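Analysis of the macromolecular model
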Amino acid sequence: MKYNRLGASGLKVSELCLGTMTFGQSTDHAEATSILDAALACGVNFLDTANSYAEARSESMLGEILGARRQELVVATKFFNPMGPGVNDSGMSRRHILQSVEASLGRLRTDWIDLIYIHHVDEETPLEEMLAALDDLVWQGKVRYIACSNYEAWRMTAALGLSARYGWQRFQANQLQYSLVVRDIEEELVPACLAQDVGVVTWAPLAGGFLTGKYRAGQRSLEGTRSADGWAFPSVYFAAQADQVLEALCDVAASTGATPARVALRWVMSQPAVASCVVGCRTLGQFEDSAGAVDLDLDAESRARLDEISRLRSRYPKSMEAGMRERRAAAVGHGA
């Protein structure tokens, strides 16, 4: 297992992160225990949950299962989503943040949260209010590091600027959707994260199961999967060439002797700025398949094929500015 530094911090996290969104929903206590045991056995030290997953049962089940092992692990959770019917039961207000963290600490049976994410964008609350509240929680010892999720590049950098200005804790990570069929973050967010030393933690690296080999081109729903249940399958974000990407992935997997899931995960984990890759699973077998990506080496030809078939269409202003360095170089010595 490889361990990467998270953002500008000194915190080291495993390149594979165990996502526990299914715990308490489609994964029962016994299966969740087996999955966690297997994850720790292969070197995973990074666990991901959220207060709203499975109506808070994910946090509670994780807290029950961890026990004394919690001390060795980096536990991340999130706040934002509605946790009650009240007008102040969601968002990133100081009130909701403080209530959410206290409740998460209780469910996780821990004295501190290693990494806390703002789960979504709150357009009604000033960034200053959120950052000041999170800074207070760090100084109180209830939170170690802070992060955002699903933040645009401009909003993330605005928050980093405020943290620098006022001496508050800064975002060390941005958790973002990223896979062979959803590469949108490469346009603005990946360059911004690299420039600002913010780690990218990816969610849905297998595109909700689409890239595991269970699906065929044209399929978007499959009996017995999350897609059939109508949740956590992000096909609305898929690139236009998603089916061609899936076919190429399966070809590469067959030629390398690996499963499509392992190839897809290895591709994501090898990308610039990616600190860790969140892998969710309903069963032990699904986790074991994903864990095999840690030991997989993709040859240059296979990686180049996947890069090319899944490549983003260049958009303005990048498309207009492409080749500017060469044009400048060509003009030297030839007059204005």
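Definitions and limits used
Residues numbered from 1 in each chain as written. Predicted model: local features only at pLDDT ≥ 70, side-chain atom pairs only at ≥ 80, totals over all residues. Heavy atoms only, no water. Helix = DSSP H or I, 4+ residues; strand = E, 2+ residues; numbered from the N terminus. Rg over C-alpha atoms; globule rule 2.2 N^0.38 Å. Buried < 20%, exposed > 50% of the residue type's maximum accessible area, 1.4 Å probe, protein only. Contact = heavy atoms within 4.5 Å. Areas by Shrake-Rupley, 256 points an atom, 1.4 Å probe, with all protein chains shown as cover. Lys, Arg positive; Asp, Glu negative; His and termini not counted. Charge placed at Lys NZ, Arg CZ, Asp CG, Glu CD. Pairing = 2+ DSSP bridges. Axes fitted to C-alpha atoms, helices over the stretch in contact; angles between N-to-C directions. Polar contact = N/O pair within 3.5 Å; in protein donor to acceptor, adjacent residues only side chain to side chain. Parallel < 35°, antiparallel > 145°, perpendicular 65-115°, else oblique. Left-handed = near helix turned anticlockwise from the far one by under 90°. Nonpolar A, V, L, I, M, F, W, Y, C, P; charged D, E, K, R; others polar. Salt bridge = Lys/Arg side-chain N within 4 Å of Asp/Glu carboxyl O. Core = buried A, V, L, I, M, F, W, Y, C linked by side-chain atoms within 4.5 Å. Right-handed = clockwise from strand over helix to strand, strands pointing away.

1. Description of the overall build of the protein
Along the protein, the regular secondary structure elements total 13 helices and 10 strands. Against the 2.2 N^0.38 benchmark of 20 Å for 336 residues, the protein shows a C-alpha radius of gyration of 21 Å, consistent with a compact globule. Expressed as lengths along the three principal axes of its C-alpha atoms, the size of the protein is roughly 65 × 50 × 35 Å. Residues counted as buried form 52% of the 336 residues belonging to the protein. Relative to all contacts within the protein whose residues are 6 or more apart in sequence, the contacts with residues 24 or more apart total 79%. Here the protein displays about 15,000 Å² of accessible surface, and carbon together with sulfur accounts for 50% of that area. Seen as two clouds, the 33 positive and the 41 negative side-chain charges of the protein have centres 3 Å apart.

2. A word on the sheet that holds strand β5 (residues 74-79)
In a beta sheet, neighbouring strands pair by backbone hydrogen bonds and run either parallel or antiparallel. The sheet built from 8 strands closes into a barrel, its strands ordered β3-β4-β5-β6-β7-β8-β9-β10 with parallel pairing. Taken pair by pair, the neighbouring strands of this sheet meet at an average axis angle of 30°, ignoring direction. Pairing geometry for strand β7 (residues 143-149) and strand β8 (residues 171-177), over 3 bridges, is parallel. Note on β8: the bridge partner recorded for Ser149 is Gln175. Against the sheet, helix α3 (residues 94-108) engages β5, β6 (113-118) and β7, with an angle of about 140° to β5.

3. So, the side chain of Arg70
Here Arg70 shows up in the loop between α2 (57-66) and β5. Of the polar contacts made by the side chain of Arg70, one reaches the side chain of Thr110; its length is 2.6 Å. When near neighbours in sequence (up to four residues on either side) are disregarded, Arg70 contacts Val75, Thr110, Trp112, Ile113 and Asp114.

4. A look at helix α13 (residues 324-331)
Of all 8 residues that make up α13, 0 are buried, and the element is exposed over most of its length. Within two residues after α13, Gly333 carries a phi angle of roughly 85°, on the positive side.

5. Notes on the packing of helix α4 (residues 127-139) against helix α5 (residues 153-166)
For the pair α4 and α5, the least separation of the axes is 10 Å and the interaxial angle reads 55°. Overall, the two elements α4 and α5 adopt an arrangement that is oblique. The way α4 lies across α5 gives a crossing that is right-handed. Where α4 abuts α5, its residues Leu127, Glu128 and Leu131 lie against Arg155, Ala158, Ala159, Leu162 and Ser163. Among the residues making up the contact of α4 with α5, the classes are represented as 5 nonpolar, 1 polar and 2 charged.

6. Details of the pattern of salt bridges
This structure, assessed with the given rule, holds 15 salt bridges. Across the pair Arg57 and Glu55 runs a salt bridge, and its minimum N-O distance is 3.4 Å. On the basis of relative accessibility, which here comes to 38%, the residue Arg57 falls in the partly exposed class. The partner of Asp114 in a salt bridge is Arg70, with the nearest N and O atoms 2.8 Å apart. Here Arg70 lies in the loop between α2 and β5 and Asp114 lies in strand β6, a separation of 44 residues in the sequence. Looking at Asp114, the relative accessible area reads 7%, which means it is buried. According to the relative accessible area criterion, Arg70 is buried, its value standing at 4%.

7. Here's the deal with the side chain of Asp135
Mapping Asp135 onto the fold places it in helix α4. The buried charged residue Asp135 lacks any salt bridge, with Arg94 as its nearest oppositely charged partner at 8.1 Å. Setting aside its immediate chain neighbours within four residues, Asp135 contacts Gly167, Trp168 and Gln169.

8. Looking at the nonpolar core
If you look at the biggest cluster of nonpolar residues, it comprises 86 residues, and the most contacted ones within it are Met130 and Phe171. Ranked by size, the runner-up nonpolar core spans 14 residues in total, among them Leu6, Ala76, Val201 and Ala275.

9. With respect to the packing of α2 against α3
For the pair α2 and α3, the least separation of the axes is 7 Å and the interaxial angle reads 40°. With respect to each other, α2 and α3 are oriented oblique. For the pair formed by α2 and α3, the contact residues are Glu59, Ser60, Leu62 and Gly63 on the first element and Ser104, Arg107 and Leu108 on the second. When grouped by side-chain class, the residues that make up the contact of α2 with α3 number 2 nonpolar, 3 polar and 2 charged.

10. Re the pairing of β7
Most of β7 sits inside the fold, with 5 of its 7 residues counted as buried. Strand direction decides the pairing type here: β6 and β7, joined by 5 bridges, are parallel. Bridged to Tyr117 within β7 is Ala147. For the crossover that starts at β6, traverses α4 and ends in the parallel β7, the hand is right-handed. Crossover connection from β7 via α5 to parallel β8: handedness right-handed.

Fair warning: the whole summary comes from geometry, so function is off the table for now.
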